[in-house]
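Overview (structure and organization)
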Amino acid sequence: RGFVYDSRNNLQMRGLVVLLISKAAGPSTADLSFQHNMVSGIYSSQRSLAEITELIHTAFLVHRGIVNIGELKSCDGPLKDMQFGNKMAVLSGDFLLANACTSLAQLQNTKVVELISSAIGDLVQGIYYENSKSSEENCLTDDICISTWKEQVFLSHSALLAKSCQAAMELAKHSTEIQDMAFQYGKHMSMSHKLHSDLQPFVKESSPETVAFSLNSAPAVLHQEFLGREAWIKQIRELQGAIKAGKGVTSAIDLCRFHGNRALAALERFPPSEARAALANIVYALTRF
């Protein structure tokens, strides 16, 4: 239940964005024969795609919950329970992915299948990198720069939404230009979303100094770039306060707003509508600090 609802907000954001971008784009002028299939300005195939996007995202969340048995301690609970939990996580995630792939095939659009399949491949690559780094001592990366961080975050957080938005335009037979604008919105909005998430431990006034944060988050990566590797290593013990006082947080906020502005620029290609306004409001919410 926690994957889709956090007691305050529905977390199924990706499917919603696919529906909103579909509604914002409207019917294609290239082919008017399918307009009778539209309900509230959205094709039935685009609704299916939104469900597929959520299924894939949830499947990977379930797979991310698999624990490394070798790192478990006796206080973590019975080993058999953890092994059983891992098997259930693998089977549950695979079941959701299988359903997503079946629904994807039923769309009968080879370009959409190719796009979403490549997004699944991107997710696998991104999560593999995350896991390989998190197993290292102190979760430190070697000389990671913000460009490398962006590449990794695109794979693990942005590719699915960006390619799903593009696929929604393909299903409506929109031009390659509109497809690219939808891709750009999905990419930059999700990058802004990740930056917004990374910034929370550093911008919340009420948060305690001991709140957990990742050493691979954007403020930490940017702080390391400004500070230099050697000084960064020395500051590890007092890290959160050092990052708050340094340039990493303000630079991460600027980067978050940069991606937000890129997403808004992509939206300008779509005609004014309530759906476009809702997509813009998502970006405004993510870039307000």
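A brief report on the enclosed structure follows. Remember, it's a predicted structure, so these values are computed and weren't measured experimentally.

**Examining the packing of aromatic side chains**
- Throughout the structure, instances matching the rule amount to 1 aromatic pair.
- Between the aromatic rings of Phe-154 and Phe-183, the centroid separation amounts to 6.3 Å while the plane-to-plane angle is 55 degrees, which identifies the pairing as tilted. Of this pair, Phe-154 sits in helix H5 (residues 146-171) while Phe-183 sits in helix H6 (residues 176-203), and the two are 29 residues apart along the sequence.
- Here the basic side chain of Lys-187 rests over the ring of Phe-154, its NZ or CZ set 5.8 Å away from the ring centre.

**A look at the pattern of salt bridges**
- Inspection of the entire model under this criterion finds 4 salt bridges.
- The salt bridge involving Lys-163 is made with Asp-122; its shortest N-O contact spans 2.7 Å. A residue pair is termed long-range when its members are at least 10 positions apart, and Lys-163 in helix H5 and Asp-122 in helix H4 (residues 110-134) qualify at 41 residues. Comparing Lys-163 with Asp-122 shows no difference in burial state: the two are buried.

**Here's the deal with unusual backbone geometry**
- Positive phi, close to 55 degrees, is recorded for Ser-40, a residue that is not glycine.
- As for its placement among the helices and strands, Ser-40 is situated in the loop between strand S1 (38-39) and strand S2 (42-43).
- A residue is classified by how much of its surface remains accessible, and Ser-40, at 52% relative accessible area, is exposed.
- Here Lys-173, not a glycine, exhibits a phi torsion of approximately 60 degrees, which is positive.
- Inspection of the secondary structure assignment puts Lys-173 in the loop between H5 and H6.
- Take Lys-173: its relative accessible area is 39%, and that puts it in the partly exposed class.

**What to know about the nonpolar core**
- By size, the foremost hydrophobic cluster in this structure holds 48 residues, and its most contacted members are Ile-21, Ile-56, Tyr-185, Met-189 and Phe-270.
- Where this core is concerned, the elements lending two or more residues are helix H1 (13-25), helix H2 (44-64), helix H3 (79-106), H4, H5, H6, helix H10 (248-267) and helix H11 (274-286).
- The residues touching Ile-56, leaving out its near neighbours within four places in the chain, are Leu-97, Ala-100, Ile-116, Ile-120, Leu-123 and Leu-160.
- Listed in part, the 20 residues of the second largest apolar core include Ile-144, Leu-195, Ala-220 and Leu-255.

**Quick notes on a nonpolar patch on the surface**
- Among the surface-exposed residues, Phe-84, Met-88 and Leu-91 lie close enough to one another that they form a single nonpolar patch of about 330 Å² accessible area.
- Here Met-88 shows up in helix H3.
- For Met-88, a relative accessible area of 40% puts it in the partly exposed group.

**Topic: H6**
- The end-to-end C-alpha distance of H6 is 39 Å, a good match for the 40 Å that 28 residues give at a rise of 1.5 Å each.
- Its axis deflected by about 25 degrees at Ser-197, H6 carries its strongest bend there, up to four residues before the proline Pro-201.
- Taken across its 28 residues, H6 has 20 buried, putting it largely inside the fold.

**Things to note about the packing of H10 against H11**
- Where H10 meets H11, the closest approach of the two axes is 9 Å, and the angle between their N-to-C directions is 175 degrees. Taken together, the axes of H10 and H11 lie roughly antiparallel to each other. Taken together, the residues of H11 that come into contact with H10 (itself represented by Cys-256, Gly-260, Ala-263, Leu-264 and Leu-267) are Arg-276, Leu-279, Ala-280, Val-283, Tyr-284 and Leu-286.
- Class assignment for the residues of the contact of H10 with H11 results in 9 nonpolar, 1 polar and 1 charged.

**A word on the environment of Asn-216**
- By the secondary structure assignment, Asn-216 is in the loop between H6 and helix H7 (218-227).
- Its relative accessible area of 22% is what places Asn-216 among the partly exposed residues.
- When the C-alpha positions of Asn-216 and Trp-149 are compared, they lie 8.0 Å apart, and in sequence the two are 67 residues distant.

The rules behind the values
Residues numbered from 1 in each chain as written. Predicted model: local features only at pLDDT ≥ 70, side-chain atom pairs only at ≥ 80, totals over all residues. Heavy atoms only, no water. Phe/Tyr/Trp six-rings, centres within 6.5 Å; stacked < 30°, edge-to-face > 60°. Helix = DSSP H or I, 4+ residues; strand = E, 2+ residues; numbered from the N terminus. Lys NZ or Arg CZ within 6 Å of the ring centre and 35° of its normal. Salt bridge = Lys/Arg side-chain N within 4 Å of Asp/Glu carboxyl O. Buried < 20%, exposed > 50% of the residue type's maximum accessible area, 1.4 Å probe, protein only. Core = buried A, V, L, I, M, F, W, Y, C linked by side-chain atoms within 4.5 Å. Contact = heavy atoms within 4.5 Å. Patch = residues over 30% accessible without salt bridge, like charges linked within 9 Å, V, L, I, M, F, W, Y side chains within 5 Å. Areas by Shrake-Rupley, 256 points an atom, 1.4 Å probe, with all protein chains shown as cover. Expected span 1.5 Å × (residues − 1). Bend = angle between axes of the 7 residues up to and from the residue. Axes fitted to C-alpha atoms, helices over the stretch in contact; angles between N-to-C directions. Parallel < 35°, antiparallel > 145°, perpendicular 65-115°, else oblique. Nonpolar A, V, L, I, M, F, W, Y, C, P; charged D, E, K, R; others polar.

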